[in-house]
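# Survey of secondary and tertiary structure
Letter by letter, the chains look like this.
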Amino acid sequence: MKPALFFEDVGVLTIPRQNISQSAPLADRFQVNHDAIASVRRLKAAGFILIVASNKPELSRGTISRRELDQAHGLLRQSFSLDDIFICPHDDADRCPCRKPRDGLFKEAAHKWHLEMERSFVISDKWQDAEAARSLGCTSVLLQSPTIGKVHRDFLVPNLEAAVDKILHLHGARQFTMA
Ligand SMILES: [Zn+2]
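The following refers to the structure shown. Remember, predicted model here, so these are calculated numbers, not experimental data.

The rules behind the values
- Residues numbered from 1 in each chain as written.
- Predicted model: local features only at pLDDT ≥ 70, side-chain atom pairs only at ≥ 80, totals over all residues.
- Heavy atoms only, no water.
- Salt bridge = Lys/Arg side-chain N within 4 Å of Asp/Glu carboxyl O.
- Helix = DSSP H or I, 4+ residues; strand = E, 2+ residues; numbered from the N terminus.
- Buried < 20%, exposed > 50% of the residue type's maximum accessible area, 1.4 Å probe, protein only.
- Donors = N, O, S within 2.8 Å, 3.2 Å for Na, K, Ca; no water.
- Tetrahedral: all angles 85-135°; square planar, octahedral: opposite > 155°, others 65-115°.
- Polar contact = N/O pair within 3.5 Å; in protein donor to acceptor, adjacent residues only side chain to side chain.
- Contact = heavy atoms within 4.5 Å.
- Pairing = 2+ DSSP bridges.
- Axes fitted to C-alpha atoms, helices over the stretch in contact; angles between N-to-C directions.
- Phe/Tyr/Trp six-rings, centres within 6.5 Å; stacked < 30°, edge-to-face > 60°.

## Things to note about the pattern of salt bridges
Inspection of every chain in the model, using the stated rule, returns 15 salt bridges. Close ionic contact of Arg 42 with Asp 165 constitutes a salt bridge, the shortest N to O distance being 2.8 Å. Of this pair, Arg 42 sits in helix H2 (residues 37-45) while Asp 165 sits in helix H7 (residues 160-178), placing them 123 residues apart in sequence. For Arg 134, the salt bridge is made with Glu 131, and the minimal N-O distance between the two is 3.0 Å. In this pair, Arg 134 and Glu 131 both sit in helix H6 (residues 127-136), three residues apart, roughly one turn of the helix. Looking at Glu 131, the relative accessible area reads 22%, which means it is partly exposed.

## Brief notes about the coordination of the zinc ion
Protein-derived ligands of the zinc ion are Cys 88 (SG), His 90 (ND1), Cys 96 (SG) and Cys 98 (SG), with the metal-ligand distances lying across 2.0 to 2.2 Å. Metal-centred angles of 98 to 118 degrees between the four donor atoms at the zinc ion mark the site as tetrahedral. Summarised as a motif, the one-chain spacing of the donors to the zinc ion is C-x1-H-x5-C-x1-C.

## Examining unusual backbone geometry
That bond from Lys 100 to Pro 101 is cis: its omega, 20 degrees, falls within 30 degrees of zero. Topologically, Pro 101 is positioned in the loop between strand S5 (84-88) and helix H5 (104-113). Even without a glycine there, the phi angle at Asn 19 is positive, about 55 degrees. Assignment of secondary structure puts Asn 19 in the loop between strand S2 (14-16) and helix H1 (26-29). The residue Arg 95 is not glycine, and still its phi comes out positive at about 50 degrees. One can find Arg 95 in the loop between S5 and H5.

## A word on the side chain of Glu 8
Counting through the fold element by element, Glu 8 comes out in the loop between strand S1 (4-7) and S2. Polar contacts involving the side chain of Glu 8 include one to the side chain of Lys 100, which spans 2.9 Å. In this view, Glu 8 contacts Leu 13, Ala 53, Ser 54, Lys 100, Ile 123, Ser 124, Asp 125, Lys 126 and Asp 129; residues no more than four positions away in its chain are not counted.

## Quick word on the sheet that holds strand S8 (residues 155-157)
The strands that make up a sheet pair up through hydrogen bonds in the backbone, lying either parallel or antiparallel. Pairing is parallel in the open sheet, where six strands are placed in the order S5-S4-S1-S6-S7-S8. Two strands bound the open sheet, and with one partner strand each, they are S5 and S8. For this sheet, the mean inter-axis angle between neighbouring strands, taken without regard to orientation, is 20 degrees. Pairing analysis gives four bridges linking S1 to strand S4 (residues 49-55), with the strands arranged parallel. From the neighbouring strand, Phe 7 faces S4, where its bridge partner is Val 52. Packing of H5 onto the sheet brings it into contact with S1, S4, S5 and strand S6 (121-124), and relative to S5 it is tilted by some 145 degrees.

## Overview of the packing of aromatic side chains
Counted according to the given criterion, the structure contains two aromatic pairs. Consider the rings of Phe 6 and Phe 106, whose centres lie 4.6 Å apart with planes at 45 degrees: the pair is tilted. Remark: Phe 106 occurs in helix H5 and Phe 6 occurs in strand S1; sequence separation between them is 100 residues. A single burial state applies to Phe 6 and to Phe 106, both of which are buried. Judged by centre distance (5.9 Å) and plane angle (75 degrees), the rings of Phe 48 and Phe 121 are edge-to-face. In this pair, Phe 48 is assigned in the loop between H2 and S4 and Phe 121 in strand S6, connecting sequence segments 73 residues apart. Residue class for Phe 48 comes out buried when judged on its relative accessible area of 2%. Taking relative accessible area as the criterion, Phe 121 reaches 0% and is therefore assigned buried.

Put into structure tokens, the structure is as follows:
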């Protein structure tokens, strides 16, 4: 069983472009966060399975197509050497088990990849991910932002680089304890 690193994509691995119409093609609405690539690479090197778990209600709402989302995911996978991407295509009214803060996406990933959730981490700038992590025993590391809310999170750090430093430190300590 391996540990995973779960990422929220928007705001962490990608940066939404400002001042662009929401009817523009998806590829024009965001850019890859190039500053994040080196940090994510350090996590890959440490043996984490890299997974994006993302709410995409825009699919239900019809403001993005499956095809352009697939293209965007191709770019994400390639840029960050991601192992997998799990999405919830539903909207609030659907009351599905996968829309974060529910933990369905994480459970699906855990099943498919045989993940050890207690050694896994979540990095996000949103409270919904901390909530999903808590219900499965993952450690949550939130990046300081206006969307972190007031739910329980294990760590709050200023940026992605600090998150990765924290995680590699904890991961190393856990391996030492288990050896
Ligand atoms: Zn869903």
